[in-house]
Each structure stands twice: as structure tokens, then as C-alpha cells.
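Examination of the molecular architecture
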Amino acid sequence: MSIESIDFHSLKAAYILDPTITYLNHGSFGACPKRVFLDYQQWQRKLEAEPVQFFEKNLQPAINRARVKLGEFINCNSDDLVYFPNPTTALNAVIRSLKLTPGDEILSTDHEYGALERTWKYYCRKTGARFIQRPVHLPYTSKKKMMADFLAGITPKTKVIFISEMTSMTAVIFPIKEICRNAEAAGIMTIVDGAHVPGHIELDLSEMRPDIYTGACHKWLSAPKGSSFLYVKRALQDQIDPLVISWGWESDFPGRSQFLDYHQWQGTRDMSAFFAVPAAIEFQNLHNWPEVRNRCHNLLVEARRRISNITGAETICPDSKSYFGQMASIRLPNADPIKVRTALFQEYKIEVPVFKWKDEIFIRVSIQAYNSENDVDKLIEALKRIVS
Ligand SMILES: Cc1ncc(COP(=O)(O)O)c(C=O)c1O
């Protein structure tokens, strides 16, 4: 196998990651390059050097710049996005603002992220609305069929479609643009969970036209932890209440946008992770990211094939960039997930999640810029010993 032309070793050295660990779990919490982390710490130092001057003078230009750079990256107006620490917090602000009434339906899938399933269930219990999780069966081999099955769940009571663009446990990509178009035509609000998308696959919000979208910058964009965003279509912004009421509500100095006033200014909080997002975007630009992505995906295609050869289990989606990116979940039939994960880490120093989802066991492999063929070889050799 020879997929290498990028110098994975120098890219590995660019990250803070412990070099003694074979790190194949970028998907859970990301991993930050040294120069991006340095930028983050420089913001923190600047703040601590003169807190009053920083909050009064430097904060506003820094947060504006961070929004403008991110807006350019995901192609939306920077006034239509606001930073949040993580997608669950961002969507809690949205979900708790919805005026749902008994019988209203939220149409979703059975592949959604656990914290957000809980948020919907909590809020539905309070309002009498229903959270409908339509199954997307595996293998997932046709986007057309997935979409038709999913949209068949729309009823006159459907008020919201909530769906991940890239799923957490199964790591597959759903046809979000097409779903947004159908929802738009039916007058249904779309709330898209794109936690894994920024920096991983192309994201163009103007082209996609969701009503509401959240993404994490600390995952595949490799920004510092606690940097995520919420995008809300202009016409809906006034409907989103602040999750924490602070100075921006009935502000003494209202800005040009109630959306920004409500959600952005939360008193004495450290926004350095947000300010470092432009450095994370620049890091990808400096390292020819389209090529990095390509190579990571191709390496993952090989890894998937080799793991399936060991187990004899069918893959869960086609070998195609439109079905998965740099993260893939692969079946490990009959394995004990805790034992396999523990053995991989303790005996082989391989960090990779192994878990039960529904009635099946999966290993979710992430390949990021710092991973090499050698990392995949190590995983395959370890799995051959552990699971066969
Ligand atoms: C699909 C998906 N949505 C949302 C999240 C948000 O994570 P959190 O808000 O818990 O940091 C994740 C994290 O892994 C995820 O995989």
C-alpha cells in the first residue's frame, strides 16, 4: 500500500499529541496543533496582562475578527453566527426557545448524538411535543432511499427536522442539502447538527440553506477546546432566547444585532478559544488541507477494508467520500467492547473508541493529518491478535 506523499511525520510533530500513543480518535475531542495552541495561549496572556484594557478595548475587535474569519470559511454572513463552547450548549439555546405545543413533532433519525437526543426528550416532556426518531438502517447504501424513507416521516404535525450532517456513532454523512430543500418547500424548520463537519468536509451554509446549524471548531478544524458556533438564519434570530440572561438582554448599549447582544456577551468569560479559530483555519490553509483530507480518506478506506477482512463483516456504507470522510465506524462482531478497547490502549497504546450501538459492536477509526500508514498497520496487527 502506498498512499503516502504527504510528510505525515512532520505533520505529527506539528501537534501536541503524545508521540508514544497511536491516536486514532480525533473524532471525540479533536487535537490541537502547537501553533494554534500557542495563539490561544497568547490571547490568554494578553488578557491576563491587563484585564480591564483587554475587556474594554481588545475583546470586541478580536471576537469580530473570529466571526468574520469563520463566516468566510463556512460561507455565511459573520453577523449570523455566534460562538458557543460546544454544540450541545448552542442547541440548548435554540431548542429551549422553540414554542412547541402538545402533539407537535420533531422529525429526526436514530443516529443522533446522545446529549442532543436527551435535550429533545427533556424539552418534549415539558411541552407535550414528540421526538420521532426514524430508523436509518445499516448498511446505508443509497442517499436517495435514505432521504425518501426519512421524508416519509413528515406529517402535518412536523414542526422541526433535526438531523446530523455527519453522525457520531456511525460516522456517516447524510444528504443535508437535499433534506433542507425539501423541508423548506414544506415550511418545516431545519436544525442541523454539524458537530463533525467544519474542517472535515466542505461546509457552505449559503448553498445548504439550513435554518439553524451548529458545528464544533475544536474537532476537525483542530481549534482549542470550547470553540463551537451557532448559525441562525436572519429571519429566525429574534426567536432565540439567551440561554443565560446577561447584559445583552435589554442592553444599555444595543449593537446592530439582538442575536449578537443576547448570545455573545456573557460577562467575565474567557473567549480565547474563539479568538484562536482564525489560527486553526490558517493552519489548514498552510498545509494544503484538500490533499490532507484526500489522503486521510484513502488511508481510512484501506483501514476499513483490512478490518472487514479480519472480521468478515460487511461495511456499513459505500467506499465513497460522500458517505464518510476521515472517520468511519466498522463492525466488530462478537467482540467485547470494553475488553477490546482496554487491550488496544493498555497493550498496544492505541487510542480508539470501541462501543456497542444498538445491538452491534463498532470500532470508530479517525484518520487525521498526523496519522500514517504505520498507525493503521499497528491497529490491524493488534486487532488480528485481539479479535480473531
Ligand atoms: C454528532 C455530534 N453532535 C454533537 C456533538 C457535541 O458534543 P458536545 O456538545 O457534547 O461537546 C458531538 C460530539 O462528539 C457529536 O458527535
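All values derive from a computational prediction rather than experimental measurement. (Residues numbered from 1 in each chain as written. Predicted model: local features only at pLDDT ≥ 70, side-chain atom pairs only at ≥ 80, totals over all residues. Heavy atoms only, no water.)

**Things to note about the environment of Lys 177**
- One can find Lys 177 in helix α8 (residues 176-186).
- Using a relative accessible area of 32% as the deciding quantity, one classes Lys 177 as partly exposed.
- Considered as a pair, Lys 177 and Tyr 23 are 154 residues apart in the sequence and their alpha carbons are 32 Å apart.
- Filtering out sequence-adjacent residues up to four positions away, Lys 177 remains in contact with Glu 207 and Met 208. (Helix = DSSP H or I, 4+ residues; strand = E, 2+ residues; numbered from the N terminus. Buried < 20%, exposed > 50% of the residue type's maximum accessible area, 1.4 Å probe, protein only. Contact = heavy atoms within 4.5 Å.)

**Structural notes on helix α6 (residues 114-127)**
- Compared with the 20 Å implied by 1.5 Å per residue over 14 residues, the 20 Å span of α6 between its first and last C-alpha is a close match.
- Every buried residue of α6 is accounted for by Leu 116, Glu 117, Thr 119, Trp 120, Tyr 123, Cys 124 and Thr 127. Summarising the axial view, the buried residues of α6 lie within an arc of 160°, below the 170-degree limit, and thus occupy one face. For α6, the exposed residues set more than 90 degrees away from the buried face come down to Arg 118, Arg 125 and Lys 126.
- Positive phi appears at Gly 128, one or two residues downstream of α6, with a value of about 85°. (Expected span 1.5 Å × (residues − 1). Arc of directions from axis to C-beta.)

**A short note on the pattern of salt bridges**
- Within this structure, the stated rule accounts for 20 salt bridges.
- Taking the shortest distance from any N to any O, the salt bridge between Asp 149 and Lys 145 comes out at 2.7 Å. On the criterion of helical spacing, the pair formed by Asp 149 and Lys 145 is a turn pair, its members being 4 residues apart in helix α7 (residues 143-151).
- Residue Asp 149 is classed as partly exposed on the basis of its relative accessible area of 34%.
- For Lys 145, a relative accessible area of 51% puts it in the exposed group.
- A salt bridge links Arg 295 to Glu 291, with the nearest nitrogen and oxygen atoms 2.9 Å apart. Taken as a pair, Arg 295 and Glu 291 lie in helix α13 (residues 289-311) at a separation of 4 residues, close to a single helical turn.
- Glu 291 gets classed as partly exposed once you look at its relative accessible area, which sits at 26%.
- It is possible to trace a salt-bridge network through shared partners that takes in Arg 67, Asp 79 and Arg 256. (Salt bridge = Lys/Arg side-chain N within 4 Å of Asp/Glu carboxyl O.)

**Some remarks on the site of the ligand**
- Within the structure, the ligand sits among Asn 86, Pro 87, Thr 88, Tyr 113, Met 166, Ser 168, Asp 193, Ala 195, His 196 and Lys 219.
- In the environment of the ligand, an oxygen atom lies 3.1 Å from a nitrogen or oxygen atom belonging to the side chain of Asn 86.
- One nitrogen or oxygen atom from the side chain of Lys 219 is found 2.5 Å from an oxygen atom belonging to the ligand.
- For the ligand, whose accessible area on its own is 390 Å², the fraction buried by protein is 86%.
- Grouping the amino acids of the shell around the ligand by side-chain chemistry returns 4 nonpolar, 4 polar and 2 charged. (Near = heavy atom within 4 Å. Polar contact = N/O pair within 3.5 Å; in protein donor to acceptor, adjacent residues only side chain to side chain. Areas by Shrake-Rupley, 256 points an atom, 1.4 Å probe, with all protein chains shown as cover. Nonpolar A, V, L, I, M, F, W, Y, C, P; charged D, E, K, R; others polar.)

**What about helix α14 (residues 337-348)?**
- In a regular helix each residue adds 1.5 Å, so 12 residues correspond to 16 Å; α14 covers 16 Å between its end C-alpha atoms and thus fits that length.
- When we look at burial in α14, the residues that qualify are Pro 337, Val 340, Ala 343 and Leu 344. Down the axis, α14 shows its buried residues gathered within 140° of arc, on one side only. The exposed set on the far side of α14, more than 90 degrees from its buried face, consists of Ile 338, Lys 339 and Gln 346.

**Comments concerning the packing of helix α4 (residues 51-74) against helix α12 (residues 277-286)**
- Two numbers describe how α4 lies on α12: the axes approach to 8 Å, and their chain directions differ by 35°. Of the residues in α12, those touching α4 at Arg 65, Ala 66, Lys 69, Leu 70 and Phe 73 are Val 277, Pro 278, Ile 281 and Gln 284. (Axes fitted to C-alpha atoms, helices over the stretch in contact; angles between N-to-C directions.)

**Considerations on the environment of Ser 320**
- Here Ser 320 lies in the loop between α13 and β9 (327-331).
- When its relative accessible area of 22% is taken as the criterion, Ser 320 is described as partly exposed.
- Taking C-alpha positions, Ser 320 is 38 Å from Ser 97, a pair spaced 223 residues apart along the chain.
- Polar contacts involving the side chain of Ser 320 include one to the side chain of Ser 322, which spans 3.0 Å.

**As for the domain arrangement of the protein**
- Per the domain assignment, the segments of the protein are domain 1 (8-31 + 288-387) and domain 2 (40-283).
- For domain 1 and domain 2, the distance between their C-alpha centres works out to 27 Å.
- On the side of domain 2, 27 residues touch domain 1, which itself brings 35 residues to the contact.
- Carbon and sulfur atoms make up 57% of the surface buried where domain 1 meets domain 2, a total of about 2,500 Å² over both sides.
- There are 2 salt bridges connecting domain 1 and domain 2.
- Asp 110 is the partner of Lys 358 in a salt bridge, and the nearest nitrogen-oxygen pair spans 3.2 Å.
- Across the domain 1-domain 2 interface, the total number found is 16 residue pairs in polar contact (both at pLDDT 80 or more).
- Mapped onto the side of domain 1 that touches domain 2, the elements with two or more residues apiece are α2 (26-29), α13, β9, β11 (354-357) and β12 (360-366).
- The residue makeup of the side of domain 1 that touches domain 2, split by class, is 17 nonpolar, 11 polar and 7 charged. (Domains from an automatic or database assignment. Buried area = accessible area lost by both parts, 1.4 Å probe.)

**Overview of the packing of aromatic side chains**
- Under the defined criterion, the tally for this structure stands at 18 aromatic pairs.
- Plain terms: the ring middles of Tyr 23 and Tyr 370 are 6.4 Å apart, the flat faces sit at 55° to each other, and that makes the pair tilted. Of the two residues, Tyr 23 is situated in strand β1 (residues 22-23) and Tyr 370 in the loop between β12 and α15 (373-387); the sequence distance between them amounts to 347 residues. Exposure class is identical for Tyr 23 and Tyr 370. Each is buried.
- Aromatic pair Tyr 83 and Phe 274: ring centres 5.0 Å apart, planes at 15°, arrangement stacked. Here Tyr 83, found in strand β2 (residues 81-84), pairs with Phe 274, found in helix α11 (residues 272-275); they are 191 residues apart in sequence, far enough to count as distant. By the burial criterion, Tyr 83 is buried, and Phe 274 matches it.
- Through a chain of ring-to-ring contacts, the aromatic side chains of Tyr 15, Tyr 23, Phe 283, Trp 289 and Tyr 370 assemble into a single cluster.
- The residue whose ring lies beneath Lys 143 is Tyr 323, and the NZ or CZ to ring-centre distance is 4.9 Å.
- A cation sits over an aromatic face here: Lys 358 above Trp 357, 4.9 Å from the ring centre. (Phe/Tyr/Trp six-rings, centres within 6.5 Å; stacked < 30°, edge-to-face > 60°. Lys NZ or Arg CZ within 6 Å of the ring centre and 35° of its normal.)

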